[in-house]
Amino acid sequence: MSKFWSEMVKRCEPYVPGEQLDQQNILKLNTNENPYPPSPIAIEAIKEELDRKLNLYPSPTVDQLRNEAAKYYGLSKENIFAGNGSDEVLAFSFMAFFEPGRKIRFPMISYSFYPVYAKLFNIPYEEIELNRDFSLPAEAFFQSEGGVIFPNPNAPTSVYLELDAIKDIAENNPGQIVIIDEAYIDFASISAISLTKTYDNVLVVQTMSKSRSLAGLRVGFAIGNPDLIEALYRIKDSFNSYTIDRLAIAGATAAMKDIEYFNHTTQKIVQTREWAAAEMKKRGFHVLPSATNFIFACHYSKNAADLYTGLKRENVLVRYFNKSEIDNFLRITIGTDEDMKLFFEKLDSLIRKASTR
Ligand SMILES: *Cc1c(COP(=O)(O)O)cnc(C)c1O
């Protein structure tokens, strides 16, 4: 604390991301990164861009990328905002659509960046308790005072909410924005993007970090009606004209084109997830039904904090949340089949050791 700190700095409580260790031999299953490399076409496009014009500023409107994304989603460029990772898109959305003095709602167990943004921008919030099976109680989000935001599928629970329920939430918040953070939607079933055509209050946020293997490039989207998108551009252009750099524009645009690679890697992860979830159950874990690239699981007798520490000692990183409702759960990112085999080897020897003690 210093006397030079603004009220904003004093009031914010920064998000703490999952550990990123520099060590080489770590099996990293803690931050929901994709175990597969980005599309080779994206890498090629980045290399080509590197040889060209880094002395020039990138496009402030990133039309090339937005057009490619629009093509993929069956929309037009005016429906797409592109930002420096969806975290930035979410932060801009808090500024653009939520008001200090009007309470917003998000789930109590959810992406822990939401309370961080709310505090930063002075937006009051209510945290809605999940159902006992960790599903989202749609009615509890009806008639919000200041708007609604939730991930679908939810994180860190991995549970998907059906589109009909989202429709109900949108219809029952006619004067408020409903933001659906679809960071993991490509591992689930239906996106809420179709709702943005009928409901002017629905904004969908997606990212290239998870299903498109580009966490390191930092590109995310907001998808909605042109008035909402214009609001986000007004915020962005009052903050930084060039939030997405030339390499990111080139790589992300190419990655959006490579639908075949995207489908292939996404399907592979879903396949590995189903296998890994079954393996977890065999070992006495309760596993929530996952529609994401991670599983959220709790062992019937072993303590999650101990398992987390034991795995870490074996160079396997998973995510543990020290929060009362979920402090007996582990969140495990789905890696390659080989990654998961190694994970189960380490887990098994840990469980064996614990029971012979
Ligand atoms: C990973 C994640 C994000 C952030 O993604 P970036 O595009 O990498 O900033 C946003 N929301 C949820 C729920 C996530 O899990």
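Criteria and cut-off values
- Residues numbered from 1 in each chain as written.
- Predicted model: local features only at pLDDT ≥ 70, side-chain atom pairs only at ≥ 80, totals over all residues.
- Heavy atoms only, no water.
- UniProt positions renumbered as here; feature names shortened; annotations may be inferred.
- Helix = DSSP H or I, 4+ residues; strand = E, 2+ residues; numbered from the N terminus.
- Rg over C-alpha atoms; globule rule 2.2 N^0.38 Å.
- Contact = heavy atoms within 4.5 Å.
- Areas by Shrake-Rupley, 256 points an atom, 1.4 Å probe, with all protein chains shown as cover.
- Lys, Arg positive; Asp, Glu negative; His and termini not counted.
- Charge placed at Lys NZ, Arg CZ, Asp CG, Glu CD.
- Domains from an automatic or database assignment.
- Buried area = accessible area lost by both parts, 1.4 Å probe.
- Salt bridge = Lys/Arg side-chain N within 4 Å of Asp/Glu carboxyl O.
- Polar contact = N/O pair within 3.5 Å; in protein donor to acceptor, adjacent residues only side chain to side chain.
- Near = heavy atom within 4 Å.
- Nonpolar A, V, L, I, M, F, W, Y, C, P; charged D, E, K, R; others polar.

By the naming in an unreviewed UniProt entry, the chain goes by Histidinol-phosphate aminotransferase and is assigned to Virgibacillus indicus. The Catalytic activity (unreviewed entry) comment attached to the chain in UniProt states, word for word, "L-histidinol phosphate + 2-oxoglutarate = 3-(imidazol-4-yl)-2-oxopropyl phosphate + L-glutamate". Reading the Cofactor (unreviewed entry) entry of the UniProt record for the chain gives the comment "pyridoxal 5'-phosphate".

*Asks:* What is the right way to look at the overall build of the chain in this model?
*Replies:* Tallying secondary structure elements over the chain gives 12 helices and 13 strands in all. Taking 2.2 N^0.38 as the reference for a compact globule, 357 residues should give roughly 21 Å; the C-alpha atoms of the chain span a radius of gyration of 21 Å, in line with that estimate. If one aligns the C-alpha atoms of the chain with their principal axes, the spans along those axes are about 60 × 50 × 50 Å. Partitioning the intrachain contacts of the chain with sequence separation of at least 6 by distance along the chain shows that 73% fall at a separation of at least 24. About 16600 Å² of surface is accessible on the chain, with carbon and sulfur atoms providing 51% of the total. Treating the 40 positive side-chain charges of the chain as one cloud and the 46 negative ones as another, the clouds have centres 4 Å apart.

*Asks:* Quick question: what am I supposed to make of the domain arrangement of the chain here?
*Replies:* Note: interface size is frequently given as the accessible area lost on complex formation between the parts. Here the chain is described as being made up of domain 1 (7-36 + 260-355) and domain 2 (40-258). Centre-to-centre, using C-alpha coordinates, domain 1 lies 24 Å away from domain 2. With 33 residues of domain 1 in contact, the opposing surface of domain 2 contributes 32 residues. For the pair domain 1 and domain 2, the two sides together bury roughly 2800 Å², of which 64% comes from carbon and sulfur. Contact with domain 2 buries surface across domain 1, with Arg11, Tyr15 and Phe262 losing the most and accounting together for 24% of the total. At the junction of domain 1 and domain 2, the tally comes to 1 salt bridge. In this assembly, domain 1 and domain 2 are joined by 14 residue pairs in polar contact (both at pLDDT 80 or more).

*Asks:* So what exactly am I meant to see when it comes to the site of the ligand here?
*Replies:* Close to the ligand lie Gly85, Ser86, Asp87, Leu90, Tyr111, Asp181, Ala183, Tyr184, Thr207, Ser209, Lys210 and Arg218, which account for all nearby residues. Note that an oxygen atom of the ligand is positioned 3.0 Å from one of the backbone N or O atoms of aspartate 87. Contacts to the ligand include arginine 218, whose side-chain N or O atom sits 2.8 Å from an oxygen atom. For the ligand, the accessible surface in isolation is 390 Å², of which the surrounding protein chains cover 92%. Among the elements that line the shell around the ligand, the one with the most residues is helix α4 (residues 85-97), at 4 residues. When grouped by side-chain class, the residues that make up the shell around the ligand number 4 nonpolar, 4 polar and 4 charged.

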